[in-house]
Protein chains: 2
Amino acid sequence: MVFKLAIMGKPKAWILTIGNELLIGRIVNTNASWLARKLTFLGFSVERIIVTPDEPAEVAEEIRRALSRDDVKVVITTGGLGPTYDDRTLEAVARAINRPLRLNEQALQWVRQKYESGGMQMTKEREKMAYLPEGAEPIRNPVGTAPGSLVAAGEALIASLPGVPAEMQAMFEELMPRLKQLAPPLEVIDCGFIVVGVPESSLAPYVEEAERKNPGCYVKSHPKGHEIRGPVLEIRVLASARTRDEARELALRALEVVKGGARSLGGEITEEGCQE
Amino acid sequence: MVFKLAIMGKPKAWILTIGNELLIGRIVNTNASWLARKLTFLGFSVERIIVTPDEPAEVAEEIRRALSRDDVKVVITTGGLGPTYDDRTLEAVARAINRPLRLNEQALQWVRQKYESGGMQMTKEREKMAYLPEGAEPIRNPVGTAPGSLVAAGEALIASLPGVPAEMQAMFEELMPRLKQLAPPLEVIDCGFIVVGVPESSLAPYVEEAERKNPGCYVKSHPKGHEIRGPVLEIRVLASARTRDEARELALRALEVVKGGARSLGGEITEEGCQE
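About the cut-offs
Residues numbered from 1 in each chain as written. Chains lettered and ligands numbered in written order. Predicted model: local features only at pLDDT ≥ 70, side-chain atom pairs only at ≥ 80, totals over all residues. Helix = DSSP H or I, 4+ residues; strand = E, 2+ residues; numbered from the N terminus. Buried ≥ 20, exposed ≤ 12 C-beta atoms within 10 Å, placed from the backbone. Contact = placed C-beta atoms within 7 Å. Nonpolar A, V, L, I, M, F, W, Y, C, P; charged D, E, K, R; others polar. Pairing = 2+ DSSP bridges. Axes fitted to C-alpha atoms, helices over the stretch in contact; angles between N-to-C directions. Domains from an automatic or database assignment. Least-squares fit on C-alpha atoms with pLDDT ≥ 70 in both. pLDDT = per-residue confidence, 0-100. Parallel < 35°, antiparallel > 145°, perpendicular 65-115°, else oblique. Left-handed = near helix turned anticlockwise from the far one by under 90°. Expected span 1.5 Å × (residues − 1).

*Asks:* When you look at the overall build of chain A in this model, what are you seeing that I'm missing?
*Replies:* A tally of regular secondary structure across chain A gives 10 helices and 12 strands. C-alpha atoms of chain A, sized along the principal axes, occupy 70 × 40 × 35 Å. The proportion of buried residues among the 276 residues of chain A is 56%.

*Asks:* Explain unusual backbone geometry here, please?
*Replies:* Excluding glycine, most residues fall at negative phi; most peptide bonds, likewise, are trans. One non-glycine residue, E271 of chain A, adopts positive backbone phi at about 50°. By the secondary structure assignment, E271 of chain A is in strand β12 (residues 268-275).

*Asks:* Is there a simple way to explain the interface of chain B and chain A in this structure?
*Replies:* Size of an interface, as often reported, equals the accessible area lost when the parts are brought together. Across the boundary between the two partners, chain B contributes 57 residues, which contact 57 residues of chain A. Looking at the side of chain B that touches chain A, the elements that each hand over two or more residues are α2 (20-23), α3 (30-42), β2 (45-52), α6 (105-117), α7 (124-128), α9 (200-213), β10 (217-223) and β11 (232-241) of chain B. Each residue belonging to the side of chain B that touches chain A can be placed in one class, and the counts come to 24 nonpolar, 18 polar and 15 charged. Bridge count between strand β2 (residues 45-52) of chain A and β2 of chain B: 3 bridges; the pairing is antiparallel. If you follow I49 of chain A over to β2 of chain B, its bridge partner there is V51 of chain B.

*Asks:* Honestly, the sheet that holds strand β7 (residues 148-153) of chain A in this entry has me stumped. Any pointers?
*Replies:* Each strand in a sheet pairs with another by means of backbone hydrogen bonds, the pair being arranged parallel or else antiparallel. Pairing is mixed across the open sheet formed by 12 strands, whose spatial order is β6(A)-β7(A)-β8(A)-β3(A)-β1(A)-β2(A)-β2(B)-β1(B)-β3(B)-β8(B)-β7(B)-β6(B). In the strand order of this sheet, the two ends are held by β6 (137-139) of chain A together with β6 (137-139) of chain B, each with one partner. Adjacent strand axes in the sheet meet at a mean angle of 20°, parallel and antiparallel pairs treated alike. Direction of pairing for strand β1 (residues 12-18) of chain A relative to strand β3 (residues 72-78) of chain A: parallel, over a ladder of 6 bridges. Among the inter-strand pairings, K12 of chain A is bridged to a residue of β3 of chain A, identified as V72 of chain A. Docked against the sheet, helix α5 (residues 89-96) of chain B engages β1 (12-18), β3 (72-78), β7 (148-153) and β8 (156-161) of chain B, running at close to 165° with respect to β8 of chain B. Running at roughly 170° to β8 of chain B, helix α8 (residues 165-182) of chain B makes contact with β3, β6, β7 and β8 of chain B of the sheet.

*Asks:* Would you take a moment to explain the domain arrangement of chain A for this structure?
*Replies:* As far as domains go, chain A holds domain 1 (2-182) and domain 2 (187-275). Just the C-alpha atoms count here: the centres of domain 1 of chain A and domain 2 of chain A sit 35 Å apart.

*Asks:* Help me understand the pairing of β1 of chain A, please; the structure alone is not making it clear to me.
*Replies:* A regular strand places its side chains so that they alternate between the two faces of the sheet. Residues and elements named next belong to chain A. With 6 of 7 residues buried, β1 is to be regarded as a mostly interior element. Sheet topology note: the β1/β2 ladder contains 7 bridges and is parallel. Of the residues in β2, the one forming a bridge with W14 is R48.

*Asks:* Would you mind going over the relation of the copies chain B and chain A with me for this structure?
*Replies:* Copy one and copy two of the chain differ by a rotation about an axis and a translation along that axis. Each copy superposes on the other: chain B lies on chain A with an RMSD of 0.0 Å after a rotation of 180° and an axial shift of 0.0 Å. Here the transformation between the copies is reduced to the relation of a two-fold axis. Relative to the rotation axis, the C-alpha of I50 of chain B is the closest in chain B, positioned 2.3 Å from it. Interface residue correspondence from chain B to chain A reaches 100%, placing this contact among same-surface, isologous pairings.

*Asks:* What's the story with the confidence of the model for chain A in this structure? I'm lost.
*Replies:* The predicted coordinates of low-pLDDT regions are not to be read in fine detail. Residue and element names in this part refer to chain A. In the predicted model, chain A carries a mean pLDDT of 94, and the fraction of residues at 70 or more is 97%. Segment residues 1-7 is flagged for pLDDT under 50; beyond a separation of four residues in sequence, or across chains, it makes 13 contacts in the model. Both scores are available for the predicted complex, with the pTM at 0.94 and the ipTM at 0.94.

*Asks:* Can you help me understand the sheet that holds strand β10 (residues 217-223) of chain A in this one?
*Replies:* All names here are of chain A. Sheet architecture is open: 4 strands sit in the order β10-β11-β9-β12, paired in antiparallel fashion. The outermost strands of the open sheet, each flanked by one partner alone, are β10 and β12. Strand-to-strand twist across the sheet, computed as the mean angle between neighbouring axes with direction ignored, equals 15°. The pairing of β10 with strand β11 (residues 232-241) spans 7 bridges and is antiparallel. By the bridge assignment, K220 is partnered in β11 with R236. The strands touched by helix α10 (residues 244-264) are β9 (187-196), β10, β11 and β12; relative to β11, the strand with the most contacts, the crossing angle is about 150°.

*Asks:* Looking at this model, I keep getting lost on the packing of helix α3 (residues 30-42) of chain A against helix α8 (residues 165-182) of chain A. Mind explaining?
*Replies:* For any two helices packed against each other, one specifies the inter-axial angle together with the distance between the axes. Residue and element names in this part refer to chain A. Following both chains from N to C, one finds α3 and α8 inclined at 20°, their axes separated by 12 Å at the closest point. Judged by the angle between their axes, α3 and α8 are roughly parallel. For α3 against α8, the interelement crossing comes out right-handed. Together, T30, N31, W34, L35, K38 and L42 of α3 and P165, M168, Q169, F172, L179 and K180 of α8 make up the contact between the two elements. Its residues placed into classes, the contact of α3 with α8 shows 7 nonpolar, 3 polar and 2 charged.

*Asks:* Can you walk me through the environment of W110 of chain A in this structure?
*Replies:* Residues and elements named next belong to chain A. By the element assignment, W110 lies in helix α6 (residues 105-117). A residue is classified by how many C-beta atoms lie within 10 Å of it, and W110, with 19 of them, is partly exposed. Counting along the chain gives 65 residues from W110 to S45, while the straight-line C-alpha distance between them is 34 Å. Beyond its immediate sequence surroundings of up to four residues, W110 is in contact with R140 and P147.

*Asks:* Any chance you could explain helix α10 (residues 244-264) of chain B here in plain terms?
*Replies:* Since the α-helix advances by 3.6 residues per turn, residues separated by three or four positions end up pointing in the same direction. All names here are of chain B. With 21 residues, α10 extends 30 Å between its outermost C-alpha atoms, agreeing within 8% with the 30 Å of an ideal straight helix rising 1.5 Å per residue. Among the structural elements, β9 (187-196), α9, β10, β11 and β12 (268-275) are those in contact with the buried residues of α10. Remark: G266 follows α10 within two positions and exhibits a positive phi of approximately 85°.

*Asks:* Any chance you could explain the pairing of β7 of chain B here in plain terms?
*Replies:* Residue and element names in this part refer to chain B. With 3 bridges connecting them, β6 and β7 associate as antiparallel partners. When the bridges of β7 are listed, E137 appears paired with L150. Summarising the sheet, β7 and β8 pair through 5 bridges and their orientation is antiparallel. The residue bridging A152 from the neighbouring strand is L157, located in β8. The hairpin formed by β7 and β8 contains 2 residues between the paired strands, and G154 there has a positive phi angle of roughly 60°.

*Asks:* Could you clarify how one ought to interpret the packing of helix α4 (residues 56-67) of chain A against helix α5 (residues 89-96) of chain A in this entry?
*Replies:* All names here are of chain A. For the pair α4 and α5, the least separation of the axes is 8 Å and the interaxial angle reads 45°. Comparing the axis directions of α4 and α5 gives the class oblique. Crossing of α4 against α5: the hand is right-handed. Taking contact as the criterion, the partners of P56, V59, A60, I63 and R64 in α4 are, on α5, T89, E91, A92, V93, R95 and A96. Broken down by class, the residue content of the contact of α4 with α5 amounts to 7 nonpolar, 1 polar and 3 charged.

Written out as structure tokens, the structure is:
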């Protein structure tokens, strides 16, 4: 049952990172990998990471697609909450769930306080940041100015965070208690090692066997060297179970299968370790 | 007309990066940003970057979605070409375009030569890498072992490259002549500067004006400091035109609008420069 939950029943999450700067390759999407790591260790299965242009119709399309899958419990958007003309993420969220944008009094108060504390007046660009989808809860931004938005859509939550990494990360921490309520009772661990001297194609049957024999594990080999002239593989196992000890035991059992195969093929094992 | 092409008529590209290691946040998606940069400077407009699991049904769904938009001319996939059980990208490509996988003689010869040169025999895991969608052309892998695949689907090309960055980059270069045939006659330039001392919300109307008055430009402000306590903004313009000189002139004209606004608000301009 625990194992079944670990494989079949993990609630799914989608990550939408919004912004043309990602699509023109000016910046690397570190927000997506940071969020994916956090959600994975909370027990969610991240099913998509999508980068869209700053176009509400495109963003709304992806949100609707996520919500149309009934195992998706969390949609996190990053970017597009600021004061410029192309910051239109909350318009997209509102459109995707067929609600209007409304001036949120709490959000407005936060924004006003921030500017007033710096001796600045409100303008329409600043006020814009306080418009949230109707029924949304504002998320306090402890680092910058734009509030986030948290809104329920059926059984899923849509959380909208800024694109500036320090703001996004701080606000994700504020969201944690809410996400934990949706997360399964699972502990997740990521363990692995390096194999030197065995081509990926030779180790492949053992990797497959390790995953097949250990439900609740996801096993993968990552080539780091040259398949023929100097093979180096990183083997990783992501294991999920009811307790940390069970998860660790499960991961090590799966790794043992690959390790046995690697040794029988003359491989050398180094850098063993776990991350949790 | 040139401007119209620059805004309306750029052929679109989708990037699909495949692999659970991205969805669990173990690695940052540098392949996506590298490809996005290359495609942007070739004159394509990258409309989506999508990370999917190693599941052929999920990958095929995204490829079909890309192909269903008739302005999408290029779909590039990375990952899932190797010898392990979860390397199933070409199965997904074949499924998306309703073709079977076939053993490709040229690809098989390349793979066999590589292993034989290292004194290794063929196995079913190694042979697997030579199965391509029917009608696909194999792409030589000058760095590693798995060949890529290039297949036409209507007016679009689907290119499948490995996930190992060095292999992916080398094979993209081999694809360049084919991509250039689909690319528009446009030169693209990316120029910008830093503004110190002006909040993003104050500069917003000038950013909007710069884009509105300069068709063919995409103008964006990126907050780097603190909106209220110490604002620092990076302003970027991506401009496209028939010649490099025109593109540069266009970019500088758009930047001038923002610069004028920034100076009128007491901002200091530094680090001006272009990338092409």
